[in-house]
Amino acid sequence: MKPTWKVKLWRYTIIGIVGFYLLLPLYSMMDFSTKPFAFFQKGRTLDAWKVIPSQPDLAIAVFRSLITAVIVMFLILVLIVPTVVWVHLKLPKLKRLVELICLIPLAIPAIVIVVGIAPLYRWISINITESPISLSLVYSMLILPYTYRALSAALDAADIHTLAEAARTLGASTTRMMAGVIMPTLRTGILNGSFIAIALVLGEFTISNLLNYKTFQVVIAQIGRTSGNVAVAVSLASILFVLILLLAIPQKKRQKEVLDVDVA
Amino acid sequence: MSSAYVQLVDIAKHFGPVKALDGLTLDISKGEFVALLGPSGCGKTTALRALAGLQELDRGQIIVDGKDITYTAPNKRNMGMVFQAYSLFPHMTARENVEYGLKLKAHKTASDKRADRSGELLELVGLSTHSNHYPHQMSGGQQQRIALARALAISPQVLLLDEPLSALDAKVRTQLRDEIRRIQLELGTTTLFVTHDQEEALGIADRVGVMRNGLLEQIASPAELYDRPATSFVAEFVGLTNQVKVKVSNGKFSAFGTELSTLPGSITSGEGVALIRPESLTVKASKSGDGRVVATSFLGSICRVMVNLPDGSRINAQMESQDASGLLPGTAVDVSADKFAVFVK
């Protein structure tokens, strides 16, 4: 049944309102970042965007944050995915408990987490490394609520229990079953969880700032203290970057589905 | 020493207070097709999973081809299994699914041999043209065929079928059932099939084991199981039965004007309930008859007639449709019984 013009109008109105609500801040950022530095000048300028590459600490901060994100993704793959799969397969009674534990980072304010882990990080920076990359440890905890949800949904959708048993009876060891069957089956869930984690890591400010680590967001805040336009330009660039990353997931999936149908 | 190829010896498994298996003993000969039949919770699936190594046992021993595999991990057992739920790996094509088990034995199976074997099996299940399809592009029946090909690809010692047809619609179910039997006979694979559908079990297996409360009630050929049930549970569970109150003396009793004998295991004297098959009863229109037809159900070549008897009880008779054509509801009828040995409880 084709939707009537009333239904269509209603749909487009809602999409319009939501789109306006979401895009207005981005438009405002773009507007602000292209205004001349001096308030009496008129017209548009890309000066704020042009000086981005020459900002001190920025490039290295972006690099650090990206490396941190990659490490967090690695931790998701080697620590969180096997744990969640194991709980689903072997210890289903613990599912609720693990879910609860994974939700804790949502309930505790970042400042409280920082107070709790500050002594640990002091010890880490004295005895192991001063690198902000060590933040990936606390980040891998912060992203738990999101990655757990994404993985859990993928696990529930795939009847992982039967797949695991099928792989076992066909001769797969636990490692080969995980690598050859479970991980590829959960690919979309893992990707979703990982990209949300990347977005979170690249956008995190409170903890890294309070622990005195110069990450991407901390440097943006620093720039903001000297030049608002540049800080907004950098923020917008980072938002667009993360947005493109996030859009990449469903895009990839859709391409595969189209491919599959072509094969048929 | 037993000549059985597969032996389950006194296996037991308790889940808390529930006894899923309570000392089950079962022998299967090489190349034999055995079906385990029983109501939900009778332990049939637990027995199959124990043989696959997916279920640890509290007690007992599992021997295959003379080797004790009770504590062998499932991936070292060489059992092919088809599950009730669709279990194809969703990220692999049909061919990749079939080759999966062979790949795990990579050092033994070169890739060209693997391709030959998977091609062979896809042909065997009639899906050569679907080798590049992903599971989500196939119907339920096709997915189960591929699962069967995948299980057979590793040349398993025993093929385990865990209600593989129950998620399919009736027509596909019958087709695939016949195909499973054809393939099993062609390859001679020893097979254990678990189902709660008696028609499936009786139609496909060399021997059918009826289970209750974690134990085998009877294991026999389908015909023997049907005609000569060893217990009242088997008589009632397999096929339809009419429960008729009778008085037994010296292993004989009279019902519907016929003298009938009792099966071994029945009561030998006193009042009891005879379990009479509908096809052993014949209904004939008769003005002086004291039975009344309640309803008839047409089932193609045969027809089932429901009759109310003067004592208020109701029986089902099954007869050829042409013989039942005049039996409208309300018709006065006479009921007679064929001379068959019957179980009386």
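Residues numbered from 1 in each chain as written. Chains lettered and ligands numbered in written order. Predicted model: local features only at pLDDT ≥ 70, side-chain atom pairs only at ≥ 80, totals over all residues.

Remarks on the interface of chain A and chain B
Listed by partner, the interface residues are 20 residues for chain A and 22 residues for chain B. Going through the elements one at a time, α8 (160–169), α9 (174–185) and α13 (228–263) of chain A are the ones with two or more residues in the side of chain A that touches chain B. When residues in the side of chain A that touches chain B are grouped by element, the largest group, six residues, is from α8 of chain A. Among the residues making up the side of chain A that touches chain B, the classes are represented as nine nonpolar, five polar and six charged. (Contact = placed C-beta atoms within 7 Å. Helix = DSSP H or I, 4+ residues; strand = E, 2+ residues; numbered from the N terminus. Nonpolar A, V, L, I, M, F, W, Y, C, P; charged D, E, K, R; others polar.)

With respect to the domain arrangement of chain B
What the domain assignment lists for chain B is domain 1 (6–227) and domain 2 (240–344). Placing a centre on the C-alpha atoms of domain 1 of chain B and another on those of domain 2 of chain B gives a separation of 39 Å. (Domains from an automatic or database assignment.)

Side note on the nonpolar core
Grouped together as the largest cluster of nonpolar side chains are 153 residues, with contacts concentrated most on L51 and L160 of chain B. No other element matches the ten residues that helix α3 (residues 58–90) of chain A contributes to this core. Setting aside anything within four residues of it in sequence, one finds L160 of chain B in contact with L48, L51, A52, M79, G80, M81 and L192 of chain B. (Core = buried A, V, L, I, M, F, W, Y, C linked by C-beta atoms within 7 Å. Buried ≥ 20, exposed ≤ 12 C-beta atoms within 10 Å, placed from the backbone.)

Examining the confidence of the model for chain B
Per-residue confidence for chain B gives a mean pLDDT of 89, with 98% of residues at or over 70. Of the two predicted TM-score estimates for the complex, the pTM is 0.78 and the ipTM is 0.84. (pLDDT = per-residue confidence, 0-100.)

Observations regarding unusual backbone geometry
Residue and element names in this part refer to chain B. Here E163, not a glycine, exhibits a phi torsion of approximately 45°, which is positive. Turning to its location among the elements, E163 is positioned in the loop between β7 (158–162) and α5 (170–187). Of note, N250 is a non-glycine position whose phi angle comes to about 55°, a positive value. Looking at the secondary structure, you find N250 in the loop between β11 (242–249) and β12 (252–255).

Some points on the sheet that holds strand β16 (residues 291–299) of chain B
All names here are of chain B. The strand order β15-β19-β16-β17-β18 describes an open sheet built from five strands, whose pairing is antiparallel. For this open sheet the edge positions go to β15 (281–285) and β18 (314–320), each flanked by a neighbour on one side alone. Between one strand and the next, the sheet's axes are offset by a mean angle of 40°, whatever the strand orientation. Across five bridges, β15 lies against strand β19 (residues 332–337) in antiparallel orientation. Residue pairing in the sheet places K284 in a bridge with D334 of β19. (Pairing = 2+ DSSP bridges. Axes fitted to C-alpha atoms, helices over the stretch in contact; angles between N-to-C directions.)

Focus on the domain arrangement of chain A
Residues and elements named next belong to chain A. Considered domain by domain, chain A is made up of domain 1 (1–32) and domain 2 (52–263). On a C-alpha basis, the centres of domain 1 and domain 2 stand 30 Å from each other. Taken residue by residue, the interface counts four residues in domain 1 and five residues in domain 2. Each residue belonging to the side of domain 1 that touches domain 2 can be placed in one class, and the counts come to four nonpolar, no polar and no charged.

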